[in-house]
Structures are given as structure tokens and as C-alpha cells.
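In case you want the letters, here they are:
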Amino acid sequence: MAQKTVIGIDLDGTVLDCRPRQEAVLFHLVPEAKPHAEILWSFKREGLSTKAALEKLGLVLPPNFSEAWTDLIEAPQYLTYDRGFPGATAALGGLSQAGNLYLITSRQYPDGVYATLEHLKLTSYFKEIIIVPVGVEAAAHKAKQLIKCGATMHFGDTEVDGKAASHVGIPFWALTCGQRSKDFLERETDAAFLSHSLYAAHLLYMSL
């Protein structure tokens, strides 16, 4: 039997639509931001942090904004906002038949990842679920895990995923449905492929 291809795949913004969760936390902390939701999200998709996007818009942040954001963004009551992108389950089904999927995501709390995947019935699609630390070294941590599992490609939605794939020397399948725009990903990564969703990317992969 031929050995299966090993595929690395990100979670937030790739499999899961994390915008509702991020906005729920944001509007809790800065209610004045709610009327500006679209422009704030567009700022974030061009590479700005949540704090930088708010500051660019001239909104006043509470003194403890960064600490409160970190505390709440993975809190159980906000993780319930996460949903799979349309077609994500079908895409995972197809990709998992074609190869072994290794979920490699940067999070503070592994239990939240496991709970969300179980709730959305996505756990079984992955050969292994790997959680790496958040922060400036996230790309390096992801690259290390891509090497360890022997990945031959990586699917993701941010420059962190792009840097990880580039470091390993494998193709980066960039998804423009998540936390970064098509223009940003074209500018800031060496994407081998750009797709508007995981479902579209999986159809392209299966056609190659």
C-alpha cells in the first residue's frame, strides 16, 4: 500500500470561522467598536492586531485591554461562537481520505481546542492534534511540528502559517477566508496556492 501524504492544517481562520468569537470578545470590551465591525475586520485582514485596528480607528481602549483580551479570547463562553466554515467538514473528509491530516494550531489552552473539535464532530478527521504556544515564536513552533510529522504541504490563513511552511520548504496553501486578505497573503507569504476556502482548496488539491 502506498504511503499516505502528510498534510499540515491550521484551525482558526482555516477550518473554523473565528471572526464571531473575536467580535464577541471585542464588543464586550469595547462596545463602541460594534458600529465599526466591518472596517475593523478589514484592518485585521491587512495584518493589524485587534488593538492596532482599534487605535487606527481612534477608539478609546480600556487600560487593561490587552490583558482582558488574552484572558477572554479562549474562555469557554466565547469558544461556543466558533463554527466550521461552509464546506469545511466535507473538505476535511476528502483530505483525510487522500492523506493523514495533522492539525497544528497556536492556542493558550489545549482543552478548548479539544472541546470545540468534539462539539463540531471534527476530531476524527485528524491523525494528530498538535497545539503550539502563541506569540512571536508561533511560526517556529509550527515549523518544528511540520518537520516532526513529515508534512509535505500546509494549509493556513495567516503569515504565521506561511512562514512555517517556508521554513520547512513545503508548499503553503493560503486560504483567504480567514484572518488575512488575499492581497496581504500574496504580499507577505510565498503562497504556492491561494483559495477562498478550505473546500475550494481541497477540490483543487484533489484535481492535481
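Right above here is the structure, for reference.
Reference entry: report on the structure contained in this document. Remember, it's a predicted structure, so these values are computed and weren't measured experimentally.

1. A word on empty space enclosed by the protein
Any empty space left between the atoms is revealed when a probe the size of a water molecule rolls over them.
Consideration 1: In this structure the tally under the stated criterion is one cavity of 30 Å³ or more.
Consideration 2: Secondary-structure elements contributing two or more residues to the lining of the largest cavity are helix H1 (19-29), helix H2 (37-45) and helix H3 (50-57).
Consideration 3: Its residues placed into classes, the lining of the largest cavity shows seven nonpolar, two polar and two charged.

2. Things to note about the nonpolar core
Consideration 1: Within the largest apolar cluster, 24 residues are counted, with the highest numbers of intra-cluster contacts made by Val15, Phe126, Phe155 and Leu198.
Consideration 2: Going through the elements one at a time, strand S1 (5-9), helix H6 (88-98), strand S4 (99-106), helix H7 (110-119), strand S6 (153-156), strand S7 (172-175) and helix H11 (198-207) are the ones with two or more residues in this core.
Consideration 3: For this core, the element with the most residues is H6, which contributes four residues.
Consideration 4: Excluding residues that lie within four positions of it along the chain, Val15 makes contacts with Ile9, Asp10, Arg83, Gly84, Phe85, Ala88, Leu92, Leu122 and Leu198.
Consideration 5: Judged by nonpolar contacts, the second largest core, of 21 residues, contains Val25, Ala37, Phe65 and Tyr78.

3. Observations regarding the layout of surface pockets
Consideration 1: The calculated volume of the largest pocket comes to roughly 1100 Å³.
Consideration 2: Going through the elements one at a time, H1, H2, H3, helix H4 (65-72), S4, helix H8 (138-149) and helix H9 (159-168) are the ones with two or more residues in the lining of the largest pocket.
Consideration 3: Counted by class, the lining of the largest pocket contains eleven nonpolar, twelve polar and 13 charged residues.
Consideration 4: In this structure, the second largest pocket occupies an estimated 180 Å³ of space.
Consideration 5: Lining the second largest pocket are 13 residues, with Pro76, Leu79, Gly112, Ala115 and Thr116 positioned closest to its centre.
Consideration 6: Looking at the lining of the second largest pocket, the elements that each hand over two or more residues are helix H5 (76-79) and H7.
Consideration 7: Element by element, the count of residues in the lining of the second largest pocket is highest for H7, at five residues.
Consideration 8: Among the residues forming the lining of the second largest pocket, the class breakdown is five nonpolar, four polar and four charged.

4. Focus on the state of the cysteines
Consideration 1: Within this structure, the stated rule accounts for zero disulfides.
Consideration 2: Left without a disulfide partner, Cys18 is nearest to the cysteine sulfur of Cys177, which lies 9.4 Å away.

5. Focus on the pairing of S1
Consideration 1: Across the five residues that make up S1, a large majority, four, are buried.
Consideration 2: Pairing between S1 and S4: five bridges, direction parallel. Counterpart to Ile7 in the pairing with S4 is Leu101.
Consideration 3: Pairing analysis gives three bridges linking S1 to S6, with the strands arranged parallel. Paired with Ile7 across the strands is Met153, a residue of S6.

6. Brief notes about H8
Consideration 1: The end-to-end C-alpha distance of H8, which contains twelve residues, comes to 17 Å, matching closely the 16 Å that a straight helix rising 1.5 Å per residue would cover.
Consideration 2: Every buried residue of H8 is accounted for by Ala138, Ala139, Lys142, Ala143, Gln145, Leu146 and Cys149. In an axial view of H8, the angular spread of the buried residues amounts to 165 degrees, which keeps them on one side of the axis. H8 presents Lys144, Ile147 and Lys148 as exposed residues on the side facing more than 90 degrees away from its buried surface.

Each value, and the rule that gives it
- Residues numbered from 1 in each chain as written.
- Predicted model: local features only at pLDDT ≥ 70, side-chain atom pairs only at ≥ 80, totals over all residues.
- Heavy atoms only, no water.
- 1 Å grid on protein atoms, 1.4 Å probe; cavity = no way out; pocket = protein on both sides within 12 Å on 5 of 7 lines; lining within 4 Å.
- Points joined across faces, edges and corners; volume = space filled by probe spheres on them.
- Helix = DSSP H or I, 4+ residues; strand = E, 2+ residues; numbered from the N terminus.
- Nonpolar A, V, L, I, M, F, W, Y, C, P; charged D, E, K, R; others polar.
- Core = buried A, V, L, I, M, F, W, Y, C linked by side-chain atoms within 4.5 Å.
- Buried < 20%, exposed > 50% of the residue type's maximum accessible area, 1.4 Å probe, protein only.
- Contact = heavy atoms within 4.5 Å.
- Disulfide = S-S within 2.5 Å.
- Pairing = 2+ DSSP bridges.
- Expected span 1.5 Å × (residues − 1).
- Arc of directions from axis to C-beta.

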